[in-house]
Amino acid sequence: MSTIELSPAVKSFLASEKRLLIGKDWTGASSDAPIGVINPSNGERIADIPDAAAGDVDRAVKAARNAFESGAWPEMKPGARSRLIYQIADAMEARAEDLAQLETLDNGKPINLARGDVFAAVGAMRYYAGWADKIHGTTHNVNMPGDLHVYTLKEPVGVVALVVPWNYPLVMAAMKLGPCLAAGCTAVLKPAEDTSLSALLLGEIMLEAGLPEGVINIVTGYGHNVGDALIHHPGIDKIAFTGSTATGKIIAHAAADGLKKVSLELGGKSPNIIMPDANLEAAIPASAMGIFFNSGQTCTAPSRLYVHKDIAEEVIAGIVEVGKNMKLGDGLDEESQMGPLVSAKQFERVSAYIAAGEEGGAQIRSGGKQHGDSGYFMEPTVIADTNNQMKVVQEEIFGPVLVTQTFETEEEALALSNDSEFGLAGAIWTQDLSTAHRMARGIKAGIIGINTPMGADWDVPLGGYKQSGIGRENGRDGLELYLQTKSVFANL
Ligand code: NAD
């Protein structure tokens, strides 16, 4: 075991009183019932965060509105905004180990994954820093009579509610903060109640890096409470949400009521198709890691395996073997490959799905039980002999649980894959180029991996078909979510 020491900065951050960031001040919430922050590796309470109330949300939205309408932010030239976002990225990098340690303590993920998350969050900020001074409209030769000069302006949409989940807390926040700042918007960020610590430290880092007052405000608390007040607040122009499809529907209703702009990155139940000619030496370990990575709490996880019947036994046995050999443990142990699930609630949810699979007649090939006797560790689990009518195949489990089925033809594999209300990602393993690209077209999902279980990069659009979301984050598409277009007709 090689457990790392917490940095002095992390120890003092944990010991400090957590507050809300409103304007330039860290202030207490008006409710006095804090939420305990639990380390999922051992169930210990490591800090408290405020459960903000509607009045706190109102103050935060007003601070964001003031910052959007007047003061340093709207006056700031694009180049200066770009430099500021670069400075934030540099400051995050300087505190990378502190951010990673907090993420591990709060979410449970192994420290090396958390370090990767910080790298990705910094990368996303730098990527969007580069966009801040490259935002421009168009000119048009129009057909109208007269002498007209017609052009478009790209303007920030206004005050944005950024609501993020607990599986990649810092990355999800950065993927929204980067384009939000680059576009010139202001925001109220609401991290998930289970994992708010890295967002709060990020707030300190952003202020120290020179973020003007009120541009980003942070409110913590429960979704049904502070989240609900935020998405319904009339001062919010747009909601950018990542989380479950069920909550996404609530957000979509709130957006419709207030006619707010909205982007939704939601759940997935992504198919992973292994054709008979696939390179199994690559496909088996990558398919296993795809579902077991981050304890299966990844929206794009290849969680439904469709494997050709001729190679099914070899593939399933191989994935079972990879799972059995994984080292589960406290995320602060650098040798841990898989941490716990994020919370007791998530552990119960995943356990209930495994039980439902068994009751439905599927075969638990491996795992399915708690690992150890403290914390919320679930063994890497493979459930074979499933069918598309089963709940474990149709619903997102969001744990280290793979469901498997066999197929005989390409058409059958595609039909099974597309028989889902989700459409976030999909993967195909084959050595035949034509099969690969034909099937990439055939899968109804927003992100396709060919001979890789999943892909993500801050320059490449990410988002879902069907009930996996509306809009695309990352890349230029991600920036456009925070901009609106004004058309100007000048009669010369
Ligand atoms: P969740 O929907 O429960 O919560 C997400 C966020 O919404 C949290 O901050 C929560 O407090 C808030 N929230 C909950 N109820 C709310 C309400 N009524 N009003 C306003 N806010 C509310 O999701 P989760 O369980 O935290 O995250 C896991 C889900 O996120 C999975 O379904 C996963 O697939 C999805 N996810 C999707 C992507 C993607 O890019 N598509 C990325 C990561 C996670």
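Up top is the structure.
Being a predicted model, the structure only gives us computed values, none of them experimental. (Residues numbered from 1 in each chain as written. Predicted model: local features only at pLDDT ≥ 70, side-chain atom pairs only at ≥ 80, totals over all residues. Heavy atoms only, no water.)

Below, the discussion takes up the layout of surface pockets. What the largest pocket holds in volume is close to 1,100 Å³. The wall of the largest pocket is formed by 40 residues, among which Trp166, Phe241, Gly243, Ser244 and Thr247 lie closest to the centre. Mapped onto the lining of the largest pocket, the elements with two or more residues apiece are helix 9 (223-232), strand 10 (238-242), helix 10 (245-258) and helix 13 (344-359). Here the lining of the largest pocket is built from residues that sort into 18 nonpolar, 12 polar and 10 charged. Considered as a void within the structure, the second largest pocket measures approximately 550 Å³ in volume. (1 Å grid on protein atoms, 1.4 Å probe; cavity = no way out; pocket = protein on both sides within 12 Å on 5 of 7 lines; lining within 4 Å. Points joined across faces, edges and corners; volume = space filled by probe spheres on them. Helix = DSSP H or I, 4+ residues; strand = E, 2+ residues; numbered from the N terminus. Nonpolar A, V, L, I, M, F, W, Y, C, P; charged D, E, K, R; others polar.)

What follows deals with the pairing of strand 11 (residues 261-265). In this sheet, strand 11 lies alongside strand 10 in parallel orientation, the contact comprising five bridges. By the bridge assignment for strand 11, Phe241 is matched with Leu264. Pairing between strand 11 and strand 21 (residues 469-470): two bridges, direction antiparallel. Residue pairing across strands places Glu265 opposite Gly469, the latter belonging to strand 21. (Pairing = 2+ DSSP bridges.)

All right, on to the site of the ligand then. Near the ligand there are 29 residues, and of these Glu193, Ser244, Thr247, Leu266 and Glu396 occur at the shortest range. Within the side chain of Lys190, an N or O atom sits 2.9 Å from an oxygen atom of the ligand. Here Gly243 contributes a backbone N or O atom positioned 3.2 Å from an oxygen atom of the ligand. Expressed as a share of its isolated accessible area of 840 Å², the protein-covered part of the ligand is 90%. (Near = heavy atom within 4 Å. Polar contact = N/O pair within 3.5 Å; in protein donor to acceptor, adjacent residues only side chain to side chain. Areas by Shrake-Rupley, 256 points an atom, 1.4 Å probe, with all protein chains shown as cover.)

In this section: the packing of aromatic side chains. The full count for this structure, using the stated rule, is three aromatic pairs. Centroid distance Tyr127 to Tyr128: 4.9 Å. Interplanar angle 90°. Geometry classified as edge-to-face. Among the residues examined, Tyr127 registers a relative accessible area of 17% and is labelled buried. Summarising the aromatic geometry, the rings of Trp166 and Phe398 are spaced 5.3 Å apart at their centres and angled 70° between planes, so their arrangement reads as edge-to-face. Taken together, the positions of Trp166 in the loop between strand 7 (159-163) and helix 7 (169-183) and Phe398 in the loop between helix 14 (391-394) and strand 16 (401-407) put the pair 232 residues apart, joining distant regions of the chain. One exposure class covers both Trp166 and Phe398, and it is buried. (Phe/Tyr/Trp six-rings, centres within 6.5 Å; stacked < 30°, edge-to-face > 60°. Buried < 20%, exposed > 50% of the residue type's maximum accessible area, 1.4 Å probe, protein only.)

Quick look at the pattern of salt bridges now. Inspection of every chain in the model, using the stated rule, returns 24 salt bridges. In this structure, the salt-bridge partner of Glu17 is Arg19, at a minimum N-O distance of 3.4 Å. Residue classification places Glu17 among the exposed residues on the basis of a relative accessible area of 57%. For Arg19, a relative accessible area of 31% corresponds to the partly exposed category. Between Glu155 and Lys486 there is a salt bridge, with the nearest N and O atoms lying 3.0 Å from each other. Of this pair, Glu155 sits in strand 6 (residues 148-156) while Lys486 sits in strand 22 (residues 483-491); the two residues are 331 residues apart in sequence, bridging distant segments of the chain. Assessed through its relative accessible area of 25%, Glu155 is described here as partly exposed. Look at Lys486 and you get partly exposed, because its relative accessible area is 39%. Taken together, the shared-partner salt bridges in this structure form one network comprising Arg65, Glu69 and Asp237. (Salt bridge = Lys/Arg side-chain N within 4 Å of Asp/Glu carboxyl O.)

Before going further, it helps to examine the environment of Tyr222. By the element assignment, Tyr222 lies in the loop between strand 9 (216-218) and helix 9. The exposure class of Tyr222 is partly exposed, given its relative accessible area of 31%. Once residues lying within four places of it in the same chain are set aside, the contact partners of Tyr222 are Ile35, Asp51, Lys190, Glu193 and Gly227. (Contact = heavy atoms within 4.5 Å.)

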